[in-house]
Amino acid sequence: QVQLVESGGGLVQAGGSLRLSCKASGTIFGIIGINVMGWYRQAPGKQRELVAIITRGTRGGSPTYADSVKGRFTISRDNVENTVYLQMSSLKPEDTAVYYCYADNTASGGYWGQGTQVTVSS
């Protein structure tokens, strides 16, 4: 019911910035039922972890961040375009991971994107 397509990953030096985008598409009921959207990441040999999520909200939504990215990453959302963004600044080598977009439909559950690689060189 919902498909998520990410873009914006790549290779960047430590201290640099990247912006990830994730656009949701699918059935009308799939899209309008999405409440939470956000980003998770998985580094080699580690479990997938939350990076940032944001609720739908009429005033831009309410964000939640992992402690490790607070003050460096900013999540935002465009409900008209059904797109969620992750602006990443002051990147560190430990931010290297595959970043996955996530969307939660209140009726049909969670959906994942295919993932986009972010590599931060020291």
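Position numbers for residues start from 1 in each chain and track the written sequence from start to end. Note on the predicted model: pLDDT of at least 70 is required for a residue's local features to be given, and 80 or more for side-chain atom pairs to be given and counted; whole-chain, interface and lining totals, by contrast, use all residues. By convention in this description, side-chain values take in all heavy atoms of the structure and omit both hydrogens and water.

K.L.:
For the sheet that holds strand β7 (residues 73-78), give the residues involved together with the corresponding values.
P.N.:
Strand pairing requires that DSSP identify at least two bridges connecting the strands. Counting from the N terminus, the helices are the DSSP runs of H or I reaching at least four residues and the strands are the DSSP runs of E reaching at least two. Read across the open sheet, the 4 strands follow the order β1-β3-β8-β7; overall the sheet is antiparallel. What marks the edges here is a single partner per strand, and that holds for β1 (2-7) and β7. For this sheet, the mean angle separating the axes of adjacent strands, direction not counted, is 15°. Relative to strand β3 (residues 18-26), β1 runs antiparallel, the two being bridged by 6 bridges. Along β3, the bridge assignment pairs V5 with K23. Only the stretch in contact is used when a helix axis is fitted, and all axes are lines through C-alpha atoms; the angle between N-to-C directions ranges over 0 to 180 degrees.

K.L.:
Summarise the nonpolar core; cite the residues concerned and give the values.
P.N.:
Ranked by size, the top nonpolar core spans 30 residues in total, and within it L4, W39, L86, M88 and Y99 carry the most contacts. Every residue in contact with M88, bar those within four places of it in the chain, is listed here: G16, S17, L18, L20, R72, F73, Y99 and V118. In plain words, nonpolar cores are sets of buried Ala, Val, Leu, Ile, Met, Phe, Trp, Tyr and Cys residues tied together by side-chain atoms within 4.5 Å. The classification of residues rests on relative accessible area computed with a 1.4 Å probe and restricted to protein chains. Under 20% of the type maximum is buried, over 50% is exposed, and intermediate values are partly exposed. In what follows, a contact means two residues having at least one pair of non-hydrogen atoms within 4.5 Å.

K.L.:
Provide a residue-level description of the packing of aromatic side chains, including the pertinent values.
P.N.:
Only the six-membered ring of Trp is used, alongside the rings of Phe and Tyr, when aromatic pairs are assigned; centres must lie within 6.5 Å, and planes under 30 degrees apart are stacked while those over 60 apart are edge-to-face, with the rest tilted. Enumeration over the complete set of coordinates arrives at 3 aromatic pairs. Both rings, one in Y40 and one in Y102, keep their centres 5.7 Å apart while their planes meet at 70°; by these two values the pair is edge-to-face. Linking Y40 in strand β4 (residues 34-42) with Y102 in strand β9 (residues 97-105), this pair joins segments that are 62 residues apart in sequence. For the pair Y40 and Y102, one class covers both residues: buried. Summarising the aromatic geometry, the rings of Y40 and W112 are spaced 5.1 Å apart at their centres and angled 70° between planes, so their arrangement reads as edge-to-face. Taken together, the residues Y40 in strand β4 and W112 in strand β10 (residues 109-112) connect sequence positions 72 residues apart.

K.L.:
Before we move on, can you summarise the pattern of salt bridges with the specific residues and values?
P.N.:
Once the charged atoms of two side chains with opposite charge are near each other, the side chains can pair. Each salt bridge in this description consists of a side-chain nitrogen of Lys or Arg and a carboxyl oxygen of Asp or Glu lying within 4 Å of one another. Taken as a whole and assessed by the stated rule, the structure comprises 5 salt bridges. Between D67 and K70 there is a salt bridge whose closest N-O contact spans 3.1 Å. Salt bridges here are not isolated pairs; linked through shared partners, they connect R41, E49, R72 and D95.

K.L.:
Let's hear about a nonpolar patch on the surface: which residues, and what values?
P.N.:
Exposure above 30% relative accessible area and no salt bridge define the residues that can form patches, which grow by joining like charges within 9 Å and nonpolar side chains of Val, Leu, Ile, Met, Phe, Trp and Tyr within 5 Å. Each accessible area is a Shrake-Rupley estimate made with a 1.4 Å probe; only the visible protein chains count as cover when residues are assessed. A contiguous nonpolar surface patch, about 390 Å² in accessible area, is contributed by I28, F29 and I32. Relative to the assigned elements, I28 resides in helix α1 (residues 28-32). On the basis of relative accessible area, I28 is assigned to the exposed category, the value being 64%.

K.L.:
Please set out unusual backbone geometry residue by residue, giving values where relevant.
P.N.:
The phi dihedral of N82 is positive, around 55°, even though this residue is not glycine. Relative to the helices and strands, N82 resides in the loop between β7 and β8 (83-88). Located in the positive-phi region is S90, a residue other than glycine, with phi close to 50°. By the secondary structure assignment, S90 is in the loop between β8 and β9. For S90, a relative accessible area of 42% gives the class partly exposed.

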